[in-house]
Amino acid sequence: MKARTLLLGVAVAAAAVTTGSSAFAQACEGTGSARLTVHVAGVRAAKGEIAVTVYPDDRKRFLAPKGKLYRIRAATTAPVTTVCFNVQPGAYAVAIYHDWNGDRDFNRSVIGMPTEGFGFSNDAPTKVGLPSFEAVRFVVRGDTAIRSTLRYLK
């Protein structure tokens, strides 16, 4: 019995090394048939958490209170943090922020500018205000990986 347990542990460790990330050793959030892997790049430091939120194909629910389908708050690894979701094939949008201080809030300055890193699917531009839903929308047809680079304003 101990030999089987040891072999299973070695197999899991080998799978994590093969993927290049320990994030795959954990279970994905959700119950869908397709895996959505989100690689969050540009993480400045391994401090706090990376919050990755998945929204359904509905512009009214994007960034709205209680509009999310799933959220993962992962321990931060720099320069890339990876999380995964099990979703149904379809269209989605993703919003991300680096919760630097771990208070589970997206902190802003007194004039409303973000003080923590943030990003969106498709690396949608945000020159003034939030990106449109159309700019962040993407389609999952099977196992899908996306990459988003965090932006820090200070």
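Residues numbered from 1 in each chain as written. Predicted model: local features only at pLDDT ≥ 70, side-chain atom pairs only at ≥ 80, totals over all residues. Heavy atoms only, no water.

(A) Structural context of the overall build of the protein chain. When helices and strands are tallied, the protein chain shows two helices and eight strands. The buried share among the 154 residues of the protein chain stands at 40%. Pairs at least 24 apart in sequence give 70% of the contacts found in the protein chain among residues at least 6 apart. Surface summary for the protein chain: the accessible area is close to 8900 Å², and the carbon and sulfur share equals 57%. (Helix = DSSP H or I, 4+ residues; strand = E, 2+ residues; numbered from the N terminus. Buried < 20%, exposed > 50% of the residue type's maximum accessible area, 1.4 Å probe, protein only. Contact = heavy atoms within 4.5 Å. Areas by Shrake-Rupley, 256 points an atom, 1.4 Å probe, with all protein chains shown as cover.)

(B) Region of interest: the sheet that holds strand S4 (residues 81–87). Taken in spatial order, the three strands of this open sheet run S4-S1-S8, and their pairing is mixed. Only two strands of the sheet have a single neighbouring strand rather than two, namely S4 and strand S8 (144–149). Across the sheet, the mean angle separating the axes of adjacent strands is 20° when strand polarity is ignored. The pairing of strand S1 (residues 34–41) with S4 spans seven bridges and is classified as antiparallel. Opposite Val38, over in S4, you have Val83 as the bridge partner. (Pairing = 2+ DSSP bridges. Axes fitted to C-alpha atoms, helices over the stretch in contact; angles between N-to-C directions.)

(C) Representation of the environment of Phe106 within the structure. Within the fold, Phe106 resides in the loop between strand S5 (90–99) and strand S6 (118–120). Residue Phe106 is classed as partly exposed on the basis of its relative accessible area, which comes to 23%.

(D) Here's a closer look at the state of the cysteines. One pass over the structure, following the stated rule, counts one disulfide. Across a sulfur-sulfur distance of 1.9 Å, Cys28 and Cys84 are joined as a disulfide pair. Here the disulfide of Cys28 and Cys84 is left-handed, its torsion about the S-S bond being about -95°. Residue Cys28 is found in the loop between helix H1 (2–19) and S1, and its partner Cys84 is found in strand S4; the two are separated by 56 residues along the sequence. Look at Cys28 and you get buried, because its relative accessible area is 12%. (Disulfide = S-S within 2.5 Å.)

(E) Representation of the side chain of Thr82 within the structure. Among the structural elements, Thr82 can be located in strand S4. Overall, Thr82 belongs to the buried group, its relative accessible area being 11%. Among the polar contacts made by the side chain of Thr82, one reaches the side chain of His39 at a distance of 3.0 Å. (Polar contact = N/O pair within 3.5 Å; in protein donor to acceptor, adjacent residues only side chain to side chain.)

(F) Representation of a nonpolar patch on the surface within the structure. On the surface, Val110, Ile111, Met113 and Leu153 cluster together into a nonpolar patch covering about 490 Å² of accessible area. Looking at the element boundaries, Val110 is found in the loop between S5 and S6. (Patch = residues over 30% accessible without salt bridge, like charges linked within 9 Å, V, L, I, M, F, W, Y side chains within 5 Å. Salt bridge = Lys/Arg side-chain N within 4 Å of Asp/Glu carboxyl O.)

(G) Just the pattern of salt bridges, in detail. Taken as a whole and assessed by the stated rule, the structure comprises three salt bridges. Of the charged contacts in the structure, one is a salt bridge between Arg104 and Glu49, with a shortest N-O distance of 3.4 Å. One end of the pair, Arg104, is in the loop between S5 and S6; the other, Glu49, is in strand S2 (residues 49–56), and 55 residues separate them in sequence. Here Glu49 falls in the buried class, since its relative accessible area comes to 18%.

(H) Representation of unusual backbone geometry in the model. Of note, the amide linkage connecting Ala78 to Pro79 takes the cis form, showing an omega dihedral of 5°. Tracing the backbone shows Pro79 in the loop between strand S3 (70–75) and S4. Unlike most non-glycine residues, Leu63 shows phi in positive territory, near 65°. Note that Leu63 resides in the loop between S2 and S3. Not every positive phi belongs to a glycine, and Lys66 is a case in point at roughly 65°. Within the secondary structure, Lys66 is located in the loop between S2 and S3.

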